[in-house]
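Remarks on the overall topology
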Amino acid sequence: MARMLRRLRKGFQSLTSFSAATIQPNLSASESSRSEVALLSFFSPKPRDFSLPNSSWGSEMMRLYDHYNSQCEAETEGGQTQGSPWQRLPSYNRSLKYAPGGVYLSKIVQSKARLFTRNIREPGAAFEYALFVNKGEKKCVCIFQAGWLLEGPPGHVHGGAIATMIDTVTGTHATFLSGPIMTANLNIAYRSPIPLGSTVLIESSLDTQEGRKTFISCKVMSTDGSKLHTEATVLFVSINVSHLVRGG
Ligand SMILES: CCCCCCCCCCCC(=O)SCCNC(=O)CCNC(=O)[C@H](O)C(C)(C)COP(=O)(O)OP(=O)(O)OC[C@H]1O[C@@H](n2cnc3c(N)ncnc32)[C@H](O)[C@@H]1OP(=O)(O)O
């Protein structure tokens, strides 16, 4: 049991130190990312990173991805990293499987467990998103394209799907800032509906950290910033990983 908990802790530690995206020379960021995906799937045993561009991404999604990705740390040929406050966070379809300790958690909970937002195989059908974190400003930006399976009101995104994305973005941000956490409170105000198929920006910013509590604010906006779709405040409480093993 103690060994298992040590492995789980190591898993969370590795999640808070994601590696920087690599930009290949002579390719645009999007070309580089698409070729990276293709190469990985053929030649590498690495798990698929679902936050890399795929054929379902529309032009606005690609424009924003290139915009933020170009500001991320790039690795030079000498293996050095150029300083940048921005970092792209990879995203897998299992919470911890690909980190040390995750295998154990999956065995404990259930071997078929999949991350809710990454469990639909068809590209573009549901949650398409990529997250970028700014370490200096302690903020996080997510570009989100909402697929046809997320319909709530006719032609618009379901409120539960929006809440899911807010929880995912702020939860990932809080994990990055504070280590293992759980959502204790999520307050949402829905201001204007999000058209199905559209791309929006989800911005997460740290309000305060008080002991075990991390308070985060979040806004979902149109990509030109002119329309506020949703706003939220979220409280995360830091947990000991044994909290998950014990079942809370
Ligand atoms: C991984 C990356 C990749 C993965 C990327 C995916 C990221 C997705 C992230 C999703 C995250 C989730 O959805 S998590 C799933 C949804 N959440 C849950 O199921 C949580 C269920 N609740 C719990 O397990 C528990 O209640 C906890 C852990 C939240 C708190 O329990 P606890 O550890 O015993 O702490 P407790 O002493 O009660 O409270 C500690 C302090 O927080 C305050 N506090 C506690 N709850 C609340 C509350 N609801 N509202 C206000 N304040 C609260 C207390 O007053 C206290 O303040 P003071 O006295 O110290 O001032």
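Residues numbered from 1 in each chain as written. Predicted model: local features only at pLDDT ≥ 70, side-chain atom pairs only at ≥ 80, totals over all residues. Heavy atoms only, no water.

- An unreviewed UniProt entry lists the protein under the name Acyl-coenzyme A thioesterase THEM4, with Echeneis naucrates given as the organism.

1. Concerning the site of the ligand
- Close contacts around the ligand come from 14 residues, with Asp167, Ala184, Arg212, Lys213 and His243 the closest.
- Between Arg212 and the ligand, the recorded distance is 2.6 Å, taken from a side-chain N or O atom to an oxygen atom.
- When the ligand sits alone it has 1200 Å² of accessible area, and the protein chains cover 51% of it.
- If one sorts the elements of the shell around the ligand by residue count, strand 4 (residues 181-190) sits on top with 4 residues.
- Within the shell around the ligand, the residues separate by chemical class into 6 nonpolar, 5 polar and 3 charged. (Near = heavy atom within 4 Å. Polar contact = N/O pair within 3.5 Å; in protein donor to acceptor, adjacent residues only side chain to side chain. Areas by Shrake-Rupley, 256 points an atom, 1.4 Å probe, with all protein chains shown as cover. Helix = DSSP H or I, 4+ residues; strand = E, 2+ residues; numbered from the N terminus. Nonpolar A, V, L, I, M, F, W, Y, C, P; charged D, E, K, R; others polar.)

2. As for the sheet that holds strand 4
- Strand order in the open sheet formed by 7 strands is 1-2-3-5-6-7-4, and the pairing between neighbours is antiparallel. The sheet is open, and its two edges are formed by strand 1 (86-89) and strand 4, each paired on a single side. Across the sheet, the mean angle separating the axes of adjacent strands is 20° when strand polarity is ignored.
- The sheet strands contacting helix 3 (residues 59-69) are strand 1, strand 2 (127-134), strand 3 (139-146) and strand 5 (199-210), and the helix crosses strand 3 at an angle near 160°.
- Helix-sheet contacts for helix 5 (residues 159-178) involve strand 1, strand 2, strand 3, strand 4, strand 5, strand 6 (213-222) and strand 7 (228-238), and the interaxial angle to strand 4 is about 135°. (Pairing = 2+ DSSP bridges. Axes fitted to C-alpha atoms, helices over the stretch in contact; angles between N-to-C directions. Contact = heavy atoms within 4.5 Å.)

3. Brief notes about the pairing of strand 1
- Residues Trp86 and Arg88 of strand 1 are buried on one face, and the alternating residues Gln87 and Leu89, pointing to the opposite face, are buried as well.
- Judged from the 4 bridges that link them, strand 1 and strand 2 form a sheet pairing that is antiparallel. Within the sheet, the bridge partner assigned to Leu89 lies in strand 2 and is Leu131. (Buried < 20%, exposed > 50% of the residue type's maximum accessible area, 1.4 Å probe, protein only.)

4. Digging into the nonpolar core
- Formed by 29 residues in total, the largest nonpolar core has its most connected members in Phe127, Cys142, Phe144, Leu150, Met165 and Ile202.
- Here the element with the most residues in this core is helix 5; it accounts for 7 residues.
- Those residues in contact with Ile202 that lie beyond four places of it in its chain are Cys140, Val141, Cys142, Phe144, Met165, Val169, Cys218, Lys219 and Val220.
- Judged by nonpolar contacts, the second largest core, of 14 residues, contains Leu52, Leu64, Cys72 and Leu201. (Core = buried A, V, L, I, M, F, W, Y, C linked by side-chain atoms within 4.5 Å.)

5. Considering the UniProt feature "domain: Thioesterase" (unreviewed entry) in the protein
- Under the feature "domain: Thioesterase" (unreviewed entry), the UniProt entry names residues 155-226.
- Span residues 155-226 is 28% helix and 44% strand, its end C-alpha atoms 20 Å apart. (UniProt positions renumbered as here; feature names shortened; annotations may be inferred.)

6. Let's talk about helix 5
- Across its 20 residues, helix 5 extends 27 Å between first and last C-alpha, which sits within 8% of the 28 Å expected from 1.5 Å per residue.
- A large share of helix 5 lies buried, amounting to 14 of its 20 residues.
- Directly beyond the C-terminal end of helix 5, a positive phi value near 80° is found at Gly179. (Expected span 1.5 Å × (residues − 1).)

7. Quick look at the side chain of Ser192
- Relative to the elements of secondary structure, Ser192 occurs in the loop between strand 4 and strand 5.
- Here the side chain of Ser192 touches Leu228 through a polar contact of 3.0 Å, landing on its backbone oxygen.
- Dropping the residues within four chain positions of it, Ser192 is found in contact with Lys227, Leu228 and His229.

8. Points about the pattern of salt bridges
- Summed over the entire model, instances satisfying the criterion amount to 4 salt bridges.
- With a closest N to O distance of 3.0 Å, Asp49 and Arg88 form a salt bridge. Of the two residues, Asp49 sits in the loop between helix 2 (29-43) and helix 3 while Arg88 sits in strand 1, which places them 39 residues apart along the sequence.
- Assessed through its relative accessible area of 6%, Arg88 is described here as buried. (Salt bridge = Lys/Arg side-chain N within 4 Å of Asp/Glu carboxyl O.)

9. Side note on unusual backbone geometry
- A positive phi is found at Lys138, a non-glycine position, where the angle reads about 50°.
- Residue position: Lys138 is located in the loop between strand 2 and strand 3.

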